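# Commentary on secondary and tertiary structure
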Amino acid sequence: MNIYFLVEGNETEPQVYPKWLHYLLPSLKRVKEAHQVTYNNYVLFSGEGFPALLYKHYENSVKDINEIGSFDYLVIIVDTEKYSTDSRREIIERFIKNKAIQLTNRTELIIILQKRCIETWFLGNRQIYSDNPKQKKTMDYCSWYNVKELDPELMPSYDTKLSIGKFHKQYLKQLFKEQNLFYSEGETNHVTKKHYLDELINRQEETNHLQSFKTFIDFCQTVQQQMQTTDQD
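These remarks concern the structure in this document. These figures come from a predicted structure and were not determined experimentally.

Calculation notes
Residues numbered from 1 in each chain as written. Predicted model: local features only at pLDDT ≥ 70, side-chain atom pairs only at ≥ 80, totals over all residues. Heavy atoms only, no water. Core = buried A, V, L, I, M, F, W, Y, C linked by side-chain atoms within 4.5 Å. Buried < 20%, exposed > 50% of the residue type's maximum accessible area, 1.4 Å probe, protein only. Helix = DSSP H or I, 4+ residues; strand = E, 2+ residues; numbered from the N terminus. Pairing = 2+ DSSP bridges. Contact = heavy atoms within 4.5 Å. Axes fitted to C-alpha atoms, helices over the stretch in contact; angles between N-to-C directions. Phe/Tyr/Trp six-rings, centres within 6.5 Å; stacked < 30°, edge-to-face > 60°.

### Let's talk about the nonpolar core
Grouped together as the largest cluster of nonpolar side chains are 47 residues, with contacts concentrated most on I3, W20, Y171, F213 and F216. Of the residues forming this core, the biggest block, seven residues, is contributed by helix α8 (residues 211–232). Grouped together as the second largest cluster of nonpolar side chains are 22 residues, L6, V43, L54 and I96 included.

### Observations concerning the sheet that holds strand β3 (residues 41–46)
Spatially, the five strands line up as an open sheet ordered β2-β3-β1-β4-β5, and their pairing is parallel. Pairing within the sheet leaves two strands with one partner each, and these edge strands are β2 (29–30) and β5 (108–114). One ladder, built from six bridges, connects strand β1 (residues 2–7) with β3; its direction is parallel. Counterpart to L6 in the pairing with β3 is F45. Contacting β4 (73–79) and β5, helix α3 (residues 85–97) crosses the sheet at an angle of about 145 degrees to β5.

### Points about the packing of aromatic side chains
Evaluated as defined, the whole model comprises 25 aromatic pairs. A centroid spacing of 5.3 Å and a plane angle of 70 degrees characterise the contact between W121 and F213, whose relative ring orientation is edge-to-face. Residue W121 is found in helix α4 (residues 118–122), and its partner F213 is found in helix α8; the two are separated by 92 residues along the sequence. Of the two residues, W121 and F213, neither departs from the other in class, the shared state being buried. Within the aromatic cluster, the residues linked to one another by ring pairs are Y17, W20, W121, F122, F176, Y183, Y196, F213 and F216.

By themselves these figures say nothing about function.
Take a look at the structure:
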């Protein structure tokens, strides 16, 4: 099993996904370059934002994958921002369909959409939510939309000056600040911990919230089952 991950973010995703994959797929080992894959390996590259991921990186990634011939999956991970998951997926699939170069049958394309962004998923950890906040901004945010009780993926922007994704990041930073913790796109230490990921999984299973996060977890479970079946053979 070999997987090629092409993620949207420059900082957060390259820090978070390797840690999460270590917990979810411990037998899958990361290598730096695509040509280094052998058995049960993955590579992870940043697409430097969207749509740059498609226009600047997708075709080169497909060329490398086809030439190497050892990848089972190409996994594209992008934010939806203000768009629905269906419309964002349609944009990506239409772009890919119109490209001259296509993946060989050896490699399956998987599109994982972070609705609205990866920080939206992070908001799903109910343990970071303070029921008795002391800071006014925290109180304003929580009274407007309680992410402990309501699905973070359905939260619009409280601040009309900010995009939905940017506001979700702001909300997350504020919840961390209330707990005397720090979060930024370049400092993701807390959200990469196993207990944090476990809380997100529990939230999804117990409430049916975070449906786009579930697509990532479901994919990892599928890969784990495939790897186990291959090892048994």
